[in-house]
Amino acid sequence: MIAMVPFSALANPHRFMSFSDRMLPWMGWLTALLLVTGFIWGLFFAPPDYQMGESARIMFVHVPSAWLSMFAYAVLAGASLMSLIWRHNLADMAAKSAAPLGAAFTFLGLVTGALWGQPMWGTFWEWDARPTSMLVLFFIYLGYIALWETIEDQQKAARAAAILAIVGSINAVIVKFSVDWWNTLHQPASLSRLDAPAMHWSFWVPLLICALGYTMLFLTLLFVRMRTEVMRNRIRRLRMKQVGA
Amino acid sequence: MSEFLAMGGYAQFVWPAFMISILVLLGVTVLTMRSYRREQAMLASLEKKNDATAPAEY
Amino acid sequence: MSQVSMRKGLRSLILRDVKGAARQGTGGLQAVIFFAVVITLVPFGLGPDTDLLNRIAPGMIWIALVLSSLLTLDRLFQVDFEDGTFDLLTLSPIPLEVIVLAKCLSHWLTNALPLLLVTPLLGILLNIDLSALGMVLVTLVIGTPALTFIGAIGAALTVGVRRGGLLIALLIMPLYVPVVIFAVGAVNSARLNIANGEGLIFTEPNLLFLAALSLFGLAIGPLAAAAGLRLNLS
């Protein structure tokens, strides 16, 4: 399926604009279809979990958010790497566009996780490895967005942000490891994470649909934001031309 | 119906979770589309002012 | 460039920075005062229970240290950037990465070293026990280079930004989390070891990870910081 994506379409802004122009309506409708189906299925038709009851339904919004928060960062980091290696303008725009989306998903992951944690483990927040890592990831996103906003020269901002993204990716690995370590130091294994028993299809199918829906939403909004950036670039150039003329 | 709304006693967790998710996702979508339309409008007006024979620059 | 002249160049750079800081007396003193303020506030916030203070002392010392570090980082490159020194330095045959290394060293000497020296006094305020204090000092020596090198990355990326101090804190905070985890972990496991009668074990995993982070910072910090400086200087 990856092979179907014409990477040449993503190589330069012009091709990207025409490619996204054609794809976006489909992507939009697919997103809406998946999300509506997934939510309705999850809320109405999926059976309540025999252990966790109706609260398990929160999984349909929590798991996709958490998954997307990481996927968005992968896109951000990958684009930043491409930017540093090939100096692709479009790669910078992709990274810049992915960040606020990733931050939103991370925020949702944290909030829905808290709402799920209270009925499940009795507390809204637990300094467990995964929520803690997600909190740190949220800060990473905020810092990255702040860097883009604070540096006025967009070219410089792009370079700086790319460096930050790469350093952040290395750090994400280190943080994950150190937080796991820190957790084993402090948690006397009292918290028994309910190991999800093999999920019944009536549960993981709507979950998959929601996850796909979230992913399509991310990609759709990513493309729209990238188009916005391309237009901003053109506006800047046109303005400079008009001033010079 | 009320049983559905009560979500087996977990209503105060399940509904806020879904509501916040829908709200944030909608919000991000709206903001994204709004800045898109804004830039689109600005670009259109700039291009009208610009020389019509100049090639479109990306 | 010959080895001798590079070493001489480095030495003169470091001496210049240290002398300048000593003359102005701002950087290191500011960090020490802030450090003292934070530690002094702790008992007022948490109560004077000496057992509690003793237990949290290593963690609080490290937190206060990190905060003081963040305070001084925006000055790491700012002054030389603004008055044009860096533009001149990039013309020299010394690679920018080495110059960054020199700046980090002088920053450590003028900021981290004073903090290290004040730690025993402040540790007493928090009722720290001697063995824990010893380990805290060890972690400070091993861990503060990590703070400086990693902090340099944030400082370099934001050097053109006015009042970049707060932005640096936001950027660096995720990078500092592992350092704090391993440093305090080392002290706590040293406490356990001593309680079990095993004495201070220097090959303790937390310490090794902390050292690894510092070495990692040494490797990547100047590289990334130089890249950041270059893009801001162009």
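Keep in mind it's a predicted model, so treat the numbers as computed, not measured.

Quick look at the interface of chain C and chain A now. Across the boundary between the two partners, chain C contributes 28 residues, which contact 27 residues of chain A. Summing the contributions of chain C and of chain A, the shared interface buries around 2200 Å²; its carbon and sulfur component is 84%. Inspection of the chain C/chain A interface yields one salt bridge. Measuring nitrogen to oxygen at the nearest pair gives 3.8 Å for the salt bridge that ties Glu152(A) to Arg162(C). On the surface where chain C and chain A come into contact, there are three residue pairs in polar contact (both at pLDDT 80 or more).

This brings us to the packing of helix α3 (residues 50–73) of chain C against helix α8 (residues 165–195) of chain C. All names here are of chain C. Running from N to C, α3 and α8 point in directions that differ by 150°, and their axes come no closer than 10 Å. Accordingly, the angle class assigned to the pair α3 and α8 is roughly antiparallel. When you trace α3 past α8, the crossing you get is right-handed. Of the residues in α8, those in contact with Asn 54, Arg 55, Pro 58, Gly 59, Trp 62, Val 66, Ser 69, Leu 70 and Leu 73 of α3 are Ile 168, Ala 169, Ile 172, Tyr 176, Val 179, Val 180, Ala 183, Val 184, Val 187 and Arg 191.

A few words on the packing of helix α2 (residues 27–46) of chain C against helix α6 (residues 96–125) of chain C. For any two helices packed against each other, one specifies the crossing angle of their axes together with the interaxial distance. Residue and element names in this part refer to chain C. For the pair α2 and α6, the least separation of the axes is 9 Å and the interaxial angle reads 25°. Classified by the angle their axes make, α2 and α6 are roughly parallel. The two elements α2 and α6 cross, and the hand of that crossing is right-handed. For the pair α2 and α6, the contacting residues are Gly 27, Gly 28, Ala 31, Val 32, Phe 35, Ala 36, Ile 39 and Thr 40 in the first and Thr 110, Asn 111, Pro 114, Leu 115, Val 118, Thr 119, Leu 122 and Leu 125 in the second. Residue classes in the contact of α2 with α6 are distributed as 10 nonpolar, six polar and no charged.

For the rest of this paragraph, the subject is the confidence of the model for chain C. Overall, the prediction assigns chain C a mean pLDDT of 87, with 96% of residues at 70 or greater. Of all secondary-structure elements in chain C, the lowest mean pLDDT belongs to helix α1 (residues 3–24) of chain C, at 75, while helix α7 (residues 130–157) of chain C reaches the highest, 93.

Applying the stated criterion across every chain, the model contains 21 aromatic pairs over all chains. With centroids separated by 5.6 Å and ring planes inclined at 80°, the aromatic side chains of Phe39(A) and Phe18(B) adopt a geometry described as edge-to-face. One end of the pair, Phe39(A), is in helix α1 (residues 13–45); the other, Phe18(B), is in helix α2 (residues 11–49), on a second chain. Residue Phe39(A) is classed as buried on the basis of its relative accessible area of 12%. When its relative accessible area of 0% is taken as the criterion, Phe18(B) is described as buried. Judged by centre distance (5.8 Å) and plane angle (75°), the ring pair of Phe71(A) and Phe218(A) falls under edge-to-face. Residue Phe71(A) is located in helix α2 (residues 59–86), and its partner Phe218(A) is located in helix α6 (residues 201–244); the two are separated by 147 residues in the primary sequence.

For the rest of this paragraph, the subject is the pattern of salt bridges. Scanning the model with the defined rule gives 10 salt bridges over all chains in all. Here Glu39(B) makes a salt bridge to Arg232(A), at a shortest N to O gap of 3.3 Å. With Glu39(B) in helix α2 and Arg232(A) in helix α6, this pair bridges two chains. What makes Glu39(B) buried here is its relative accessible area of 8%. The exposure class of Arg232(A) is partly exposed, given its relative accessible area of 26%. Asp80(C) serves as the salt-bridge partner of Lys103(C), at 2.9 Å between the closest nitrogen and oxygen. Of the two residues, Lys103(C) sits in helix α6 while Asp80(C) sits in helix α4 (residues 75–82), which places them 23 residues apart along the sequence. The exposure class assigned to Lys103(C) is buried, which follows from its relative accessible area of 6%.

Turning our attention to the interface of chain B and chain A. Chain B puts 34 residues into the contact, and the matching count from chain A is 42 residues. Counting across the chain B and chain A interface gives two salt bridges. Residue Glu47(B) is joined to Arg234(A) by a salt bridge in which the shortest nitrogen-to-oxygen separation is 2.1 Å. The element best represented in the side of chain B that touches chain A is α2(B), accounting for 25 residues. Looking at the side of chain B that touches chain A residue by residue, the class counts come to 22 nonpolar, eight polar and four charged.

Reading the values: rules and limits
- Residues numbered from 1 in each chain as written.
- Chains lettered and ligands numbered in written order.
- Predicted model: local features only at pLDDT ≥ 70, side-chain atom pairs only at ≥ 80, totals over all residues.
- Heavy atoms only, no water.
- Contact = heavy atoms within 4.5 Å.
- Buried area = accessible area lost by both parts, 1.4 Å probe.
- Salt bridge = Lys/Arg side-chain N within 4 Å of Asp/Glu carboxyl O.
- Polar contact = N/O pair within 3.5 Å; in protein donor to acceptor, adjacent residues only side chain to side chain.
- Axes fitted to C-alpha atoms, helices over the stretch in contact; angles between N-to-C directions.
- Helix = DSSP H or I, 4+ residues; strand = E, 2+ residues; numbered from the N terminus.
- Parallel < 35°, antiparallel > 145°, perpendicular 65-115°, else oblique.
- Left-handed = near helix turned anticlockwise from the far one by under 90°.
- Nonpolar A, V, L, I, M, F, W, Y, C, P; charged D, E, K, R; others polar.
- pLDDT = per-residue confidence, 0-100.
- Phe/Tyr/Trp six-rings, centres within 6.5 Å; stacked < 30°, edge-to-face > 60°.
- Buried < 20%, exposed > 50% of the residue type's maximum accessible area, 1.4 Å probe, protein only.

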